[in-house]
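# Examining the three-dimensional arrangement
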Amino acid sequence: MTMHPTTINWADYKHAYGSATDAPVHLAALLNSDADHAEAIEYLFGTITHQETLYSATLPVLRYCIAQLPELANDARDDVISWIAWVGVLTNRKDSETIHETDRVLDTFLAYGPLASSSYAWVFHQWRNHATVLAAQVRAQLENCPTTPLTVAAYGAWGGDTTPHLASDDLTMKIAAAWHNHSPDATAILAEALINPDLEAALEEFNSEIYIYDLLDEFFHRNPTQAEVTAIATSYAKSEFLP
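Scoring rules and cut-offs
- Residues numbered from 1 in each chain as written.
- Predicted model: local features only at pLDDT ≥ 70, side-chain atom pairs only at ≥ 80, totals over all residues.
- Heavy atoms only, no water.
- Helix = DSSP H or I, 4+ residues; strand = E, 2+ residues; numbered from the N terminus.
- Rg over C-alpha atoms; globule rule 2.2 N^0.38 Å.
- Buried < 20%, exposed > 50% of the residue type's maximum accessible area, 1.4 Å probe, protein only.
- Contact = heavy atoms within 4.5 Å.
- Areas by Shrake-Rupley, 256 points an atom, 1.4 Å probe, with all protein chains shown as cover.
- Phe/Tyr/Trp six-rings, centres within 6.5 Å; stacked < 30°, edge-to-face > 60°.

On to the overall build of the protein, then. Counting its regular elements, the protein contains 13 helices and 2 strands. Relative to the globule expectation of 18 Å for 243 residues, the C-alpha radius of gyration of the protein, 19 Å, shows essentially globular dimensions. Overall size of the protein, expressed as C-alpha extent along the three principal axes, is 60 × 40 × 35 Å. In the protein, buried positions account for 49% of the 243 residues. Counting contacts in the protein only where the partners sit at least 6 residues apart, residues at least 24 apart contribute 63% of the total. As displayed, the protein has an accessible area near 11900 Å², and 49% of this comes from carbon and sulfur atoms.

This next bit is on the packing of aromatic side chains. A complete count under the given rule lists 6 aromatic pairs for this structure. With a centroid separation of 6.4 Å and an interplanar angle of 80°, the aromatic rings of F109 and F124 are classed as edge-to-face. Of this pair, F109 sits in helix α5 (residues 102–112) while F124 sits in helix α6 (residues 120–126), placing them 15 residues apart in sequence. Taken as a pair, F109 and F124 share a single burial class, namely buried.

Nothing here speaks to function; it is all geometry.
Shown next, in the form of structure tokens:
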């Protein structure tokens, strides 16, 4: 679908710093292979979703990025996909009307097939509140992606079996496999990971897309034993890092 930024009346929309009339120049730059895309990417993260906020301009910018996905400059595509995933995070946190774009996002990414982006699979993880997209379609798509922690976590979120990855020697991969796997073994791994001194480093390897409070929230929804809760509380009480 072709969509030109100048066809939108940006004066009707606001972002963190006021009117979104500056959107066309930044969005057009994302399509220009010869442009320096750093400023346009900063515009997405720092203005359109400034301080983890969804503004009235966020939705039309999201729609534009989705519509232009295959036309994005190669050097910009990975960062734009990361931003689309980030909007999914904020949409779920804020219970925003942007949630109604979920099927559009998923249908678009399914239509184009796996893209050369480290964040491609993560879009499916963060845009999960779908109405019509079949989980089997998403799982099949993710099976064609490189096996990374982001892919494994997304696969588990859509009902895929992540059990084989629970035995990984890599802590980041184990966390990804355990996050949406509610087996006793996975829950035990999650409990161990939460008190592992290498947890912060492991999450950094996850491209900063998983945070300790995400894991804690998931863990406590599993009705842990008193012993598990005590172990975690004791560990954090002795640590300089408190989530």
